[in-house]
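What follows is the residue order along each chain.
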Amino acid sequence: MMTQLPSIGRRGFFTGAASLAVSLAAARMSHAAPVSEPFKSPLIIGHRGAPGYMPEHTQGSYEEAIRRGADFVEPDVVATKDGHLVTRHDPVLTDSTDILAHPEFAARKRTVKFAGGFEITDFFVADFTLAELKTLRCKQVMPGRDHSRDGQYPILTLEEMIDIVQAGAKKAGRAVGIYPEIKFPSFHRSLGLPIEDHLLDVLGKAGYTGASSPVFIQSFEQGNLQYLKTKTDIRLMQLVDGSGTDPDTGAMQFKPPSDKPYDWTLAGKAGTYGDLLTPAGLDEVAKYATIIAPWKRHLLAFKKGSDGKPIPVVRKEIVDNAHARGLKVHIWTMRNDAPYLDPYYNGDPIAEFLDFFRMGVDGVFTDFADTGVAAREAFLKERAG
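What counts as what
- Residues numbered from 1 in each chain as written.
- Predicted model: local features only at pLDDT ≥ 70, side-chain atom pairs only at ≥ 80, totals over all residues.
- Heavy atoms only, no water.
- Salt bridge = Lys/Arg side-chain N within 4 Å of Asp/Glu carboxyl O.
- Buried < 20%, exposed > 50% of the residue type's maximum accessible area, 1.4 Å probe, protein only.
- Helix = DSSP H or I, 4+ residues; strand = E, 2+ residues; numbered from the N terminus.
- Expected span 1.5 Å × (residues − 1).
- Phe/Tyr/Trp six-rings, centres within 6.5 Å; stacked < 30°, edge-to-face > 60°.
- Pairing = 2+ DSSP bridges.
- pLDDT = per-residue confidence, 0-100.
- Contact = heavy atoms within 4.5 Å.
- Arc of directions from axis to C-beta.
- Axes fitted to C-alpha atoms, helices over the stretch in contact; angles between N-to-C directions.
- Left-handed = near helix turned anticlockwise from the far one by under 90°.
- Nonpolar A, V, L, I, M, F, W, Y, C, P; charged D, E, K, R; others polar.
- Polar contact = N/O pair within 3.5 Å; in protein donor to acceptor, adjacent residues only side chain to side chain.
- Core = buried A, V, L, I, M, F, W, Y, C linked by side-chain atoms within 4.5 Å.
- Right-handed = clockwise from strand over helix to strand, strands pointing away.

Quick notes on the pattern of salt bridges
The tally for this structure, following the rule as stated, stands at 24 salt bridges. The shortest N-O distance in the salt bridge between arginine 149 and aspartate 146 comes to 3.1 Å. A relative accessible area of 27% means that arginine 149 is categorised as partly exposed. One continuous salt-bridge network, built from bridges that share partners, spans Glu64, Arg67, Arg68 and Asp370.

In C-alpha cells form, the structure reads like this:
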C-alpha cells in the first residue's frame, strides 16, 4: 500500500489534445441524451477505465473498459494550475506518469501539509498548466500488471475523456455512462481551484444535465455533495472509506487519513465514515445522494477461524438499510490480482463478485470489467434458474 493523501480513499495508490477533441467531437452529443436506465443490474463500472490491462485514465484504458463491457466508466477529476479539469486519480504525478524523466520540472516537487498531521511530498497537478501536463506520458500504477504500454498515452482533459466514452458507446452500439469522482475537493478549493461548478459546466456542454442522464457524481467528502444537490439534478454518490479490518474479528478500523470525510476533519467534526452507514447516517445521506458506496470490506470482511482459515463476516444489514431509504449501494474496488483478492477466494474473482451480488449490491467498481460482466451473467442465470 502506498501513502494516501487525506480523503483519497482506499481506492488510492500513490500512485495532440486539439486533434483528439476534433476527431471525437462529432460523437459528443449523440450518446449523452437522457436514458431510462438501459443498463443491466448490478452495474459494472470501469474503475479508472480498465487499469487491469492499460495505464489508468488513458484513452486506451477507457476504450478497453467499454470493449470489455463496462456500463459506466470512471474518470477521477483534478484541476490544473490554469483551471482545466484533467483525469488523474491523485492530485500528484510520480506514480502514474513519467514526471521523473522531465528534469525541467524537478523544482516543482514540494511538500503539502494536510489537516490531521499528514504531509505529502510530490509533484502536484495543480502546480502545472495543461500544456505542461501534456508533455508527460502515463504509466501503469500497479507493479505486477502489464507495463508494455507505459509512455504511450498523454494525460486527458475531462472533455477528451467524455469524447472518448461517447465515441466508444457509438461504436459499441449501446449506452455507456460516466461516473466522475471529484478528487480532494477541499484541497482544490483552498488553492482557488474549486471543481464542482466547473464540472457541472463541462457535463452540461456534453449533454449531461439531469437525473435521467447516464452520469453519477461521487465524492469522499460530504459538503461538496450537499452543495451540488442545490445546483443540479444529476445523481450524486457518497463514498465511504475505512482504513482496514481487524484480522481477528473482521471489525472495521478507522485511522487517519481514511477515518472520516476530510471536510469533517477541517471542521473539527467528530465521528468516522462508519457513522454514514448507520440508520441515522443513511437518513442523512438520502437527503442529498441517491447512492451510498462503501469500501467493500464494510459489507464483507474476514476473520481468522480457529484453524487459521478466513471466515466471512457479512454485514448485509447495511445494504438492506440503504435500500429501505431508497439508496442504491455500489462497492469498490474489485480486482483479480492475487495481492488484492482475498485468499478466501482461492484465486477466483468471480466468486467474490457473486458474494456481493447475492447480498444485493446494485453496482461494483472493478479494474477488470470483463470479469464483472461474466460474474453478472452467472448471477443473473443463477437468479433466474
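Structural notes on helix H4 (residues 158-172)
For H4, with 15 residues, the first-to-last C-alpha span of 21 Å sits near the 21 Å given by 1.5 Å per residue. Within H4, 11 of the 15 residues are buried, which leaves the element mostly enclosed by the surrounding structure. Along H4, the residues classified as buried are Leu158, Glu160, Met161, Ile162, Asp163, Ile164, Val165, Gln166, Ala167, Gly168 and Ala169. One or two positions beyond H4, positive phi appears at glycine 173, with a value near 70 degrees.

Topic: the packing of aromatic side chains
Applying the stated criterion to the full structure yields 17 aromatic pairs. For the ring pair phenylalanine 302 and tyrosine 344, a centre distance of 4.9 Å and an interplane angle of 40 degrees mean the geometry is tilted. Placement of phenylalanine 302 in strand S14 (residues 300-304) and of tyrosine 344 in the loop between strand S16 (328-334) and helix H11 (349-359) is noted, with a sequence separation of 42 residues between them. Taking relative accessible area as the criterion, phenylalanine 302 reaches 7% and is therefore assigned buried. Taking the relative accessible area as the measure of exposure, tyrosine 344 reaches 32% and is therefore partly exposed. Grouped by ring-pair contacts, the aromatic residues Phe39, Phe72, Tyr179, Phe216 and Phe365 constitute a single cluster.

Some remarks on the pairing of S14
Note that S14 and strand S15 (residues 310-314) share 5 bridges and pair antiparallel. Bridging from a neighbouring strand, phenylalanine 302 pairs with proline 312 of S15. Between S14 and S15, which pair antiparallel one after the other, the connecting turn spans 5 residues, and glycine 308 there sits at a positive phi close to 85 degrees.

Focus on the confidence of the model for the protein chain
Note: predicted coordinates in regions of low pLDDT should not be interpreted at a detailed level. Within the protein chain, residue pLDDT values average 92, and 90% of them lie at 70 or more. The low-confidence segment residues 1-31, where pLDDT is below 50, has 110 contacts with residues more than four positions distant or belonging to other chains.

Examining helix H6 (residues 196-205)
Those residues of H6 not exposed but buried are Glu196, Leu199, Leu200, Val202 and Leu203. Taken around the axis of H6, the buried residues stretch over an arc of 165 degrees, which confines them to a single face. Backbone geometry just downstream of H6 places glycine 207 in the positive-phi region, at approximately 100 degrees.

A closer look at the packing of H4 against H6
Working note: a packed helix pair is described by the angle between its axes plus the distance between those axes. Interhelical geometry of H4 versus H6 gives an angle of 35 degrees and a closest axis separation of 10 Å. Our pair here, H4 against H6, has a crossing hand that is right-handed. Contact with H4, carried on its side by Leu158, Glu159 and Ile162, involves Leu199, Val202 and Leu203 of H6 and no other residues of that element. Residues of the contact of H4 with H6, tallied by class, amount to 5 nonpolar, no polar and 1 charged.

Digging into the side chain of threonine 366
When you line up the elements, threonine 366 lands in strand S17 (residues 363-366). At 3.1 Å, the side chain of threonine 366 and the backbone oxygen of methionine 334 are in polar contact. Beyond its immediate sequence surroundings of up to four residues, threonine 366 is in contact with Ile44, Ile45, Gly46, His47, Gly49, Thr333, Met334 and Phe353.

Concerning the nonpolar core
Counting 82 residues, the largest nonpolar core has Val73, Ile162, Leu203, Ile217, Leu299, Phe357 and Val361 as the members making the most contacts within it. The element best represented in this core is H4, accounting for 6 residues. Residue contacts for leucine 299: discarding those within four places in its chain leaves Pro294, Val313, Val314, Arg315, Ile318, Val319, Val329, Ile331, Phe356, Met359 and Val361. The next biggest cluster of nonpolar side chains, apart from the first, holds 13 residues, and it includes Val86, Leu93, Leu133 and Leu136.

A closer look at the pairing of S17
Neither face of S17 is open: one carries Gly363 and Phe365, the other Val364 and Thr366, and all of them are buried. Where strand S1 (residues 43-46) and S17 come together, 4 bridges link them in parallel fashion. Within S17, the residue paired with leucine 43 across the bridge is glycine 363. Summarising the sheet, S16 and S17 pair through 3 bridges and their orientation is parallel. When the sheet's bridge partners are listed, histidine 330 is paired in S17 with glycine 363. Following the backbone out of S16, through H11 and into the adjacent parallel S17, one traces a crossover that is right-handed.

Concerning the environment of valine 319
Locating valine 319 in the fold gives a position in helix H10 (residues 316-324). Taking relative accessible area as the criterion, valine 319 reaches 0% and is therefore assigned buried. Separated by 41 residues in the primary sequence, valine 319 and glycine 360 place their C-alpha atoms 6.7 Å from one another. Look past the residues within four positions of valine 319 in its chain and what remains in contact with it is Leu299, Val329, Met359, Gly360 and Val361.

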